[in-house]
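Next come the chains, spelled out residue by residue.
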Amino acid sequence: MTLTRKGLILAAFQCLLVLSLSGKLLYDRSTCPRVWVKTARWDPNLPIRGRYLALRLTPERDAQWYPQTYGQMVLFFVPEHTLPFETMRAGRDAPELWAEVTIPRKGPPRPIRLAIKKAGQLEPLRIN
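Numbering of residues starts from 1 in every chain and runs along the sequence as written. Owing to the predicted nature of the model, reporting of local features is limited to residues with pLDDT of at least 70; listing and counting of side-chain atom pairs is limited to 80 or more, with chain, interface and lining totals taken over all residues. The basis for every side-chain value is the complete set of non-hydrogen atoms in the structure, without hydrogens or water.

Here we come to the pattern of salt bridges. Should a side-chain nitrogen of Lys or Arg be within 4 Å of a carboxyl oxygen of Asp or Glu, the pair is scored as a salt bridge. Taken as a whole and assessed by the stated rule, the structure comprises five salt bridges. A salt bridge links K24 to D28, with the nearest nitrogen and oxygen atoms 2.7 Å apart. In this pair, K24 and D28 are both assigned in helix α1 (residues 3-31), four residues apart and thus about one turn of the helix distant. Look at K24 and you get partly exposed, because its relative accessible area is 42%. A relative accessible area of 5% means that D28 is categorised as buried. With a shortest N-O distance of 3.5 Å, K38 and E96 are connected by a salt bridge. On the criterion of sequence distance, the pair formed by K38 in strand β1 (residues 34-41) and E96 in strand β4 (residues 96-102) is long-range, its members being 58 residues apart. The partly exposed category is assigned to K38, whose relative accessible area is 33%. Residues participating in the shared-partner salt-bridge network are K24, D28 and R110. Strands here are runs of E lasting at least two residues and helices are runs of H or I lasting at least four, both read from the DSSP assignment and numbered beginning at the N terminus. Note on exposure labels: buried denotes an accessible area under 20% of the residue type's maximum, exposed denotes more than 50%, and partly exposed covers the range between, all computed with a 1.4 Å probe on protein chains only.

Structure representation (structure tokens):
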């Protein structure tokens, strides 16, 4: 077996590994419950690079998924440019930031998207 063939087999295996993880996450997103949860800021000490929002989930006590979401920390990765809601979070009258999360059978919740609550309505944010 030549080095080129071994390299192609290794590359194919790595692609299958990544695609299988993507498939599992998509399957979980389509079959597991998706809920909106209120968030609070959380300041982690993580050595990863990149822009992300570190959020602590703070559901209401009577929420159905309270045990699975209460106090859980999630990271939501955002683009490099500053988003409008980031500057609004500093003040006392700042709107509430909510996260839609998937509740998997095992493991922590997985964030899907963010929303701002205005006048009792959730407005999903367009983050691209």
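This brings us to the sheet that holds strand β3 (residues 73-77). What the six strands build is an open sheet, ordered β3-β2-β1-β4-β5-β6; its pairing is antiparallel. A strand with exactly one partner marks an edge of an open sheet, and here the two such strands are β3 and β6 (121-124). Across the sheet, the axes of successive neighbouring strands diverge by a mean angle of 45°, strand direction being ignored. Here a strand pair is declared whenever DSSP counts at least two bridges between the two strands. Direction of pairing for β4 relative to strand β5 (residues 110-118): antiparallel, over a ladder of seven bridges. Helix axes are fitted only over the stretch in contact, all axes being lines through C-alpha atoms; the angle between N-to-C directions runs from 0 to 180 degrees.

Moving on, we get to the pairing of β4. β4 sits mainly inside the fold: six of its seven residues count as buried. One ladder, built from five bridges, connects β1 with β4; its direction is antiparallel. Looking at the pairing, V35 lines up with V101 of β4.

Before going further, it helps to examine a nonpolar patch on the surface. To count toward a patch, a residue needs a relative accessible area above 30% and no salt bridge. Like charges then connect within 9 Å, nonpolar side chains (Val, Leu, Ile, Met, Phe, Trp, Tyr) within 5 Å. Each accessible area is a Shrake-Rupley result for a 1.4 Å probe, and residues are judged covered by the shown protein chains and nothing else. Together, L10, F13 and L17 give the surface a local cluster of nonpolar side chains, amounting to about 320 Å² of exposed area. Here L17 is to be found in helix α1.

The subject of this paragraph is the pairing of β6. Sheet analysis places β5 next to β6, joined by four bridges and oriented antiparallel. By the bridge assignment, K117 is partnered in β6 with L122. Hairpin connection between β5 and β6: a loop of two residues separates the two successive antiparallel strands, and A119 in this loop has a positive phi of roughly 55°.

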